[in-house]
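# Coordinate inspection notes
Chain residues, written in single-letter form:
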Amino acid sequence: MTAAKELSAKLREIWGDEKKRVNLLIAAGLAGMLLICVSEWIPETKDSAPVQTAVSGNYEQQLEERLTGLISAMDGAGRAKVMVTLEAEEETVYAQDTESSRDSGGETSRYTHVLTGGSAALVETVLQPEVRGVAVLCEGGDQPGVQRRVTELVSALTGVGANHITVNKLQS
């Protein structure tokens, strides 16, 4: 307990003197900035490589499942099955670093991918593929009102035009 009292007394002494207090605050600030700088050099304990993006089949399947759940919950639609087709696979956009140089022939630019701790490129964004078409089979698919509401729902959620959505009756 005496060590704590001695430390407390020392801190009161430093805190009471304005010059010592300013020096202590400056030293604490510099120590904080130094720790921030040093933390950039310390390797992370977990794998710093970017996570591989999921294949478009996973996105397609998730979209189908979500649409099936919504359509099945719609009044009059009943049980439903949904199939979604995509324009292409998802696209991964990597962060790029640009170097420009001027020489006698004009300006030239060179693009390189920004690399993480390993040799993997830093993923900037993943663009989901566009939906090409949607086929819906539901128990109420033979009713024009249900067909219209399902088409409107799918169009609103996917951005696909009504001419790329088909709704039919699910076979019993």
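Structural data are supplied above this passage.
Anyway, here's the lowdown on the structure attached to this text. What you see is a predicted model, and the numbers here were worked out from it, not measured in a lab.

Moving on to the overall build of the protein chain. Counting its regular elements, the protein chain contains four helices and seven strands. Residues classed as buried in the protein chain amount to 19% of the 172 residues present. Considering only contacts within the protein chain whose residues lie at least 6 apart along the sequence, 65% involve residues at least 24 apart. With an accessible surface of roughly 12,700 Å², the protein chain has 55% of that area assigned to carbon and sulfur atoms.

Residues Ile71, Val84, Val134, Val136, Val150 and Val154 are the most contacted members of the largest nonpolar core, which totals 19 residues. Every element with two or more residues in this core is listed here: α3 (56–73), β1 (80–86), β6 (131–138), α4 (144–158) and β7 (165–169). Those residues in contact with Val154, other than ones at most four positions away along the chain, are Leu67, Ile71, Val134, Val136, Gly159 and Ile165.

What follows concerns the layout of surface pockets. Gaps left between atoms are located by rolling a probe of water-molecule size over the structure's atoms. Within this model, the largest pocket holds a volume of roughly 160 Å³. In terms of lining residues, the largest pocket is bounded by Tyr59, Gln62, Leu63, Arg66, Leu67, Leu70 and Leu157. For the lining of the largest pocket, the element with the most residues is α3, which contributes six residues. Tallied by class, residues from the lining of the largest pocket come to five nonpolar, one polar and one charged.

Here we take up the environment of Asp142. Structurally, Asp142 is set in the loop between β6 and α4. Sequence separation between Asp142 and Ala77 is 65 residues; the distance between their C-alpha atoms is 9.5 Å. When neighbours within four sequence positions are excluded, Asp142 is seen to be in contact with Gln147 and Lys169.

Our next topic: the packing of helix α1 (residues 2–16) against helix α2 (residues 18–41). Where α1 meets α2, the axes come as close as 5 Å, and the angle between the chain directions of the two elements is 105 degrees. Compared by their axis directions, α1 and α2 come out roughly perpendicular. Along the contact surface, α1 presents Glu13, Ile14, Trp15 and Gly16, while α2 presents Glu18, Lys20, Arg21, Leu24 and Leu25. Of the residues that constitute the contact of α1 with α2, the class distribution is four nonpolar, one polar and four charged.

So, on to the side chain of Thr151. Along the chain, Thr151 falls in helix α4. In contact with Thr151, other than residues within four places in its own chain, are Ala162, Ile165 and Val167.

Here we come to a nonpolar patch on the surface. There is a patch of nonpolar side chains on the surface, built from Val22, Ile26, Leu30 and Met33 and spanning about 380 Å² of accessible area. Along the chain, the position of Leu30 falls in helix α2.

Attention now goes to the pattern of salt bridges. The full count for this structure, using the stated rule, is three salt bridges. Between Glu139 and Arg79 there is a salt bridge, with the nearest N and O atoms lying 3.3 Å from each other. Of this pair, Glu139 sits in the loop between β6 and α4 while Arg79 sits in the loop between α3 and β1, and the two are 60 residues apart along the sequence. Taking the shortest distance from any N to any O, the salt bridge between Arg132 and Glu87 comes out at 3.5 Å. Remark: Glu87 occurs in the loop between β1 and β2 (91–94) and Arg132 occurs in strand β6; sequence separation between them is 45 residues. Residue classification places Arg132 among the partly exposed positions, given a relative accessible area of 44%.

Calculation rules
Numbers given for residues are sequential positions, taken from 1 along each chain in its written order. This being a predicted model, a pLDDT of at least 70 is required before a residue's local features are given, and a value of 80 or more before pairs of side-chain atoms are given or counted; all residues contribute to the totals for chains, interfaces and linings. Only heavy atoms go into the side-chain values, all of them from the structure, while hydrogens and water stay out. Comment: elements are numbered from the N terminus, with helices defined as DSSP H or I runs of at least four residues and strands as E runs of at least two. Relative accessibility thresholds used throughout: buried, under 20% of the residue-type maximum; exposed, over 50%; partly exposed, between the two (1.4 Å probe, protein chains only). The contact criterion used is simple: two residues touch if any of their non-hydrogen atoms lie within 4.5 Å. The protein chains shown are the only cover counted for residues, whose accessible areas, like all others here, come from Shrake-Rupley with a 1.4 Å probe. Residues belong to a common nonpolar core when they are buried Ala, Val, Leu, Ile, Met, Phe, Trp, Tyr or Cys residues joined through side-chain atoms within 4.5 Å. Here a cavity means grid points, on a 1 Å grid over the protein atoms only, where a 1.4 Å probe fits yet cannot get out; a pocket means an open set of points with protein on both sides within 12 Å along at least five of seven lines; lining residues are those with an atom within 4 Å of a point. Grid points are joined across faces, edges and corners, and a volume is the space filled by probe spheres set on the points. Classification convention: Asp, Glu, Lys, Arg as charged; Ala, Val, Leu, Ile, Met, Phe, Trp, Tyr, Cys, Pro as nonpolar; all other residues, Gly among them, as polar. Lines fitted to C-alpha atoms define the axes, with helix axes restricted to the stretch in contact, and inter-axis angles between N-to-C directions lie between 0 and 180 degrees. Each angle receives one of four descriptions, namely roughly parallel if under 35 degrees, roughly antiparallel if over 145, roughly perpendicular if within 65 to 115, and oblique otherwise. Distance thresholds for patches are 9 Å for like charges and 5 Å for nonpolar side chains (Val, Leu, Ile, Met, Phe, Trp, Tyr), applied to residues having over 30% relative accessible area and no salt bridge. Salt bridges, as used here, are contacts in which a Lys or Arg side-chain nitrogen is within 4 Å of a carboxyl oxygen on Asp or Glu.

Fair warning: the whole summary comes from geometry, so function is off the table for now.
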